[in-house]
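So you can see what is in the structure, the chains are spelled out below.
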Amino acid sequence: MAAKIIDGKQIAKEVREQIKKEVAELGFKPGLAVILVGDDPASQVYVRNKHKSCGEVGMYSEVHRLPAETSQEELLQLIDKLNNDDKIHGILVQLPLPDHIDEKMVIDAIALEKDVDGFHPANVGNLVIGDDCYYPCTPHGCMVMLEKCGIDPKGKKAVVVGRSNIVGKPVAMMLLAKHATVTICHSRTQNLAEECRQADILVAAVGRPEMITGDMIKEGAVVIDVGINRTEDGKLVGDVHFESAKEKASWITPVPGGVGPMTITMLLQNTLEAAKRSAKK
Ligand code: NDP
């Protein structure tokens, strides 16, 4: 069976159209501040895309580009200023930060109601408890894709490969909240292939090019590939070996064009949500 493709680009487009409509109805512009410290080339591209995407849906955004030598104190002062800036509803600090800056301290400093990346410990706690929170963008994107394809995790066996705070753990919690039975695998998991073969929904967030192959996938499984890896010849591939996996899966996300386009879209969604919440205060 050849899998149906979960078209992240198309889903992202539809969600962004809805966001644009809601922004226009809001009566004021939701505002996002993005902070970039240093000149990591990949981070620069991400930040540029976030800024551009905000403009496309009618949001206000400002980018704070700080030199790599910026002190932690200076960064914390900027966050404090943005926490108190009424035109800013969401604050995102592009990670990774230079080594001399304590990432945890910086994330903790972002006002909870402006934490549109969903990385603040209180947000993470609320996600685990099942309370109101901002969902981290990439896992949220995975869940929206499932929903848009009419895939209900309820009662299904979900296997998440990867346990990072950014993807693996939160997506596992979100699947659990949707009543899936969830297994989280990682680098010390014994017999990964066997674990993966149990999955009705398989989420790969490992960072290893094409390591999940078709023989590790149950017939008819839904496969969400979060991985973004560049091969030696410059090709972009996921953590899943697409060609063999698509012969087994019922639905599969491609790379590129799967989870990738959803991440910024969910950032826009969270910023809109933050703006709406601020208006209710
Ligand atoms: P991390 O490196 O933080 O985490 C990788 C996880 O994979 C770890 O939990 C690690 O286990 C596990 N792992 C590593 N090797 C193996 C192995 N051989 N078998 C089983 N598990 C293993 O990565 P991220 O979660 O940040 O990112 C994962 C991938 O997703 C990357 O390719 C990244 O580029 C991509 N990504 C894509 C995004 C998007 O917008 N589409 C956004 C964020 C990430 P352990 O904990 O034991 O070390």
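Only a predicted model underlies this, so the values are computations on that prediction, with no experimental measurement involved.

## Quick word on the overall build of the chain
Secondary structure assignment for the chain yields 10 helices and 11 strands. Taken against the 2.2 N^0.38 rule, which gives 19 Å for 281 residues, the C-alpha radius of gyration of the chain at 19 Å falls within 12% of a compact globule. Dimensions of the chain, computed from the C-alpha atoms along their principal axes, are close to 55 × 40 × 35 Å. A total of 281 residues make up the chain; the buried ones form 49% of that total. Partitioning the contacts of the chain with sequence separation of at least 6, the portion at a separation of at least 24 is 71%.

## What about the sheet that holds strand S4 (residues 90-93)?
Read across the sheet, 3 strands follow the order S3-S2-S4 without closing on themselves; strand pairing throughout is parallel. Pairing within the sheet leaves two strands with one partner each, and these edge strands are strand S3 (60-66) and S4. Taking each pair of neighbouring strands and ignoring which way they run, the sheet shows an average axis angle of 15 degrees. Bridging between strand S2 (residues 31-37) and S4 involves 4 bridges; their strand directions are parallel.

## Regarding the domain arrangement of the chain
For the chain, the assigned domains are domain 1 (27-111) and domain 2 (136-260). The straight-line distance from the C-alpha centre of domain 1 to that of domain 2 is 29 Å.

## Points about helix H2 (residues 41-56)
Counted at 1.5 Å a residue, the expected span for H2 with its 16 residues is 22 Å, and the 23 Å between its end C-alpha atoms agrees. Taken together, the buried positions of H2 are Ser 43, Val 47, Lys 50, Ser 53 and Cys 54. Burial along H2 is one-sided: seen end-on, the buried residues are contained in an arc of 130 degrees. Turned more than 90 degrees from where H2 packs its buried face, Pro 41 and Lys 52 sit exposed. The first or second residue beyond H2 is Gly 58, which carries a positive phi of 85 degrees.

## Describing the site of the ligand
The ligand sits among 21 residues. The nearest are Arg 163, Ser 164, Ser 187, Arg 208 and Thr 263. At a separation of 2.7 Å, an oxygen atom of the ligand approaches a polar side-chain atom of Thr 263. For the ligand, whose accessible area on its own is 930 Å², the fraction buried by protein is 70%. Tallied by class, the residues present in the shell around the ligand amount to 9 nonpolar, 10 polar and 2 charged.

## Comments concerning the side chain of Thr 183
Mapped onto the fold, Thr 183 is located in strand S6 (residues 181-185). A polar contact of 2.8 Å, which involves the side chain of Thr 183, links it to the side chain of Lys 157. Leaving out residues up to four positions away in the same chain, Thr 183 has contacts with Lys 157, Ala 158, Val 159, Val 160 and Glu 195.

## What about the packing of helix H1 (residues 8-26) against helix H6 (residues 137-148)?
Put simply, H1 and H6 touch, their axes get as near as 11 Å, and they point 95 degrees apart. Classed by the angle they form, the pair H1 and H6 counts as roughly perpendicular. When H1 is examined against H6, the residues Gly 8, Ile 11 and Val 15 are found in contact with a partner set consisting of Val 144, Met 145 and Lys 148. Its residues placed into classes, the contact of H1 with H6 shows 4 nonpolar, 1 polar and 1 charged.

## Describing H1
Taking 1.5 Å per residue as the helical rise, H1 with its 19 residues ought to reach 27 Å, and the 26 Å between its terminal C-alpha atoms agrees with that figure. Burial in H1 covers these residues: Gly 8, Ile 11, Ala 12, Val 15, Arg 16, Ile 19, Glu 22 and Val 23. Axial view of H1: buried residues confined to an arc of 130 degrees, hence all on one face. Turned more than 90 degrees away from the buried face of H1 sit Ala 24 and Glu 25, all of them exposed. Of the surrounding secondary structure, the elements contacted by the buried residues of H1 are H2, H6 and helix H10 (260-280). Capping the start of H1, Asp 7 holds a side-chain oxygen 3.2 Å from the backbone nitrogen of Lys 9, two or three residues further along. Gly 27 sits one or two positions beyond H1 and adopts a positive phi of about 90 degrees.

So, how was this worked out
- Residues numbered from 1 in each chain as written.
- Predicted model: local features only at pLDDT ≥ 70, side-chain atom pairs only at ≥ 80, totals over all residues.
- Heavy atoms only, no water.
- Helix = DSSP H or I, 4+ residues; strand = E, 2+ residues; numbered from the N terminus.
- Rg over C-alpha atoms; globule rule 2.2 N^0.38 Å.
- Buried < 20%, exposed > 50% of the residue type's maximum accessible area, 1.4 Å probe, protein only.
- Contact = heavy atoms within 4.5 Å.
- Pairing = 2+ DSSP bridges.
- Axes fitted to C-alpha atoms, helices over the stretch in contact; angles between N-to-C directions.
- Domains from an automatic or database assignment.
- Expected span 1.5 Å × (residues − 1).
- Arc of directions from axis to C-beta.
- Near = heavy atom within 4 Å.
- Polar contact = N/O pair within 3.5 Å; in protein donor to acceptor, adjacent residues only side chain to side chain.
- Areas by Shrake-Rupley, 256 points an atom, 1.4 Å probe, with all protein chains shown as cover.
- Nonpolar A, V, L, I, M, F, W, Y, C, P; charged D, E, K, R; others polar.
- Parallel < 35°, antiparallel > 145°, perpendicular 65-115°, else oblique.

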